[in-house]
Protein chains: 2
Amino acid sequence: MATGYVSEAAIRRLPAYYRQLRELEKAGVETISSKELGERLHQTPSQIRQDINTFGGIGRQGCGYQVKELKERIGEELGLNAEHRMVILGAGSIGTAVARYPTFQREGFRTLALFDSAPSKVGTAVDGIPVLDIADLETFLGEHPADIAVLALPAGAAQEALRRLEESGVNAVWNFAPADLQYESSRMEVVNVHLSDSLQVLTYKMAHR
Amino acid sequence: MATGYVSEAAIRRLPAYYRQLRELEKAGVETISSKELGERLHQTPSQIRQDINTFGGIGRQGCGYQVKELKERIGEELGLNAEHRMVILGAGSIGTAVARYPTFQREGFRTLALFDSAPSKVGTAVDGIPVLDIADLETFLGEHPADIAVLALPAGAAQEALRRLEESGVNAVWNFAPADLQYESSRMEVVNVHLSDSLQVLTYKMAHR
């Protein structure tokens with residue numbers, strides 16, 4: 001496990017390492033050099049070696065990295081060896097899309113329920129996952145502890161929802177609401193999704209070809 | 001405009017610069033140092049200076065950067081000074097969520113239509129945007145040129161859709177399908193969205209607190 005200070009930028013690179021290593025393993029590749037891995041990840045070989053060193057590196061000088069071993073090591077760093085229990089707040093188009101996203105199940109994320117305040121949605125289900133009344137959030141969490149909440153509410157409702165989650169002991173939030181959320185607990189982790197970022201990478205490339 | 005080789009990693013940092021600068025401008029901040037900008041972006045000041053230099057930097061030693069000027073400069077690099085006309089292939093939960101995403105309109109992205117093959121969806125509308133029969137894709141694009149296509153189809157249907165887009169002259173694709181797409185034209189740009197990546201940043205933080 002990585003010890004000491006790890007930069008936010010290095011943490012954000014890890015999921016791409018995991019994805020590439022999973023693809024390589026699926027393709028039957030057993031070892032890979034930092035140069036080849038760097039080409040796939042658009043990073044320099046020295047950046048690759050430094051990152052893998054940071055995250056409890058394995059591999060010997062001149063021998064390359066063992067794909068399977070490194071994938072498992074990074075998956076462990078990413079907390080993917082545990083099952084995560086999620087609730088989704090907001091059963092609109094984003095909440096529904098997250099509930100249906102096929103790879104989450106495969107990666108050990110289990111959605112217990114969606115919550116909404118609209119009478120037309122409460123009592124329905126999304127791919128078999130129940131949509132419950134958001135008024136019952138605390139009661140539900142008391143009986144079915146979740147460790148991650150997905151915030152897929154309008155910006156105006158997100159802050160109040162975060163406060164309720166914090167009081168219910170859910171302290172990891174994956175936030176899709178375009179809001180700068182405030183919270184008190186130092187245990188609370190909020191990761192904001194900026195969907196436009198990758199669209200802007202596309203328009204950058206269009207503008208520069 | 002940036003000239004010469006710009007790394008993929010540097011391009012991927014740009015949208016976050018743009019976002020932070022827009023927030024700063026909204027908050028009435030006129031100038032910012034590389035140190036302060038670095039703190040907001042989780043980057044070292046020297047990385048910030050190097051990036052801004054690459055992208056046609058403005059700002060003088062010791063004076064900081066002009067927030068408004070730098071934001072406009074980076075927006076231009078990102079191709080955000082042009083209007084982009086999008087079509088969305090797939091009117092399922094992801095296609096619908098993209099069509100409804102509120103910030104795209106603000107940022108100059110206009111969705112012309114969604115396309116689907118399901119008779120229950122064709123002829124409906126999402127927030128006023130028509131859902132058309134995917135069989136009519138070529139005819140529509142002939143009359144209403146689009147410069148970006150959003151692929152929100154199942155993995156199995158994505159490759160064939162990409163081929164049809166390529167033949168219709170749409171050569172920028174924002175791909176949500178979990179598929180490794182192949183294409184022939186060197187003009188084609190495909191950016192893949194990996195929604196799980198930011199969720200894994202969250203589980204990393206949960207595993208390390």
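Only a predicted model underlies this, so the values are computations on that prediction, with no experimental measurement involved.

Residue and element names in this part refer to chain A. Strand order in the open sheet formed by 7 strands is S5-S6-S4-S3-S7-S8-S9, and the pairing between neighbours is mixed. Each edge of the sheet is formed by a strand with only one pairing partner; in this case those strands are strand S5 (125–126) and strand S9 (189–192). Pairing of strand S7 (residues 148–151) with strand S8 (residues 172–175), which is carried by 3 bridges, proceeds in the parallel orientation. Considered in S8, the bridge of Leu151 is made with Asn175. Sitting on the sheet, helix H8 (residues 155–167) touches strand S3 (84–89), S7, S8 and S9, and the angle it makes with S7 is about 170 degrees.

So, on to the interface of chain B and chain A. On the side of chain A, 57 residues touch chain B, which itself brings 57 residues to the contact. Contact between chain B and chain A buries roughly 5,600 Å² in total, counting both sides, with carbon and sulfur atoms accounting for 66%. Residue Lys205 of chain A pairs with Glu8 of chain B through a salt bridge whose shortest N-O separation is 3.1 Å. Taken together, the links from chain B to chain A amount to 18 residue pairs in polar contact (both at pLDDT 80 or more). Taken together, the elements giving at least two residues each to the side of chain B that touches chain A come down to helix H1 (8–26), helix H5 (93–100), helix H6 (102–106), strand S8 (172–175), strand S9 (189–192) and helix H9 (196–207) of chain B. Per element, the largest residue contribution to the side of chain B that touches chain A is 12 residues, and it comes from H9 of chain B. Residues belonging to the side of chain B that touches chain A are distributed by class as follows: 31 nonpolar, 14 polar and 12 charged.

What counts and how
Residues numbered from 1 in each chain as written. Chains lettered and ligands numbered in written order. Predicted model: local features only at pLDDT ≥ 70, side-chain atom pairs only at ≥ 80, totals over all residues. Heavy atoms only, no water. Pairing = 2+ DSSP bridges. Helix = DSSP H or I, 4+ residues; strand = E, 2+ residues; numbered from the N terminus. Contact = heavy atoms within 4.5 Å. Axes fitted to C-alpha atoms, helices over the stretch in contact; angles between N-to-C directions. Buried area = accessible area lost by both parts, 1.4 Å probe. Salt bridge = Lys/Arg side-chain N within 4 Å of Asp/Glu carboxyl O. Polar contact = N/O pair within 3.5 Å; in protein donor to acceptor, adjacent residues only side chain to side chain. Nonpolar A, V, L, I, M, F, W, Y, C, P; charged D, E, K, R; others polar.

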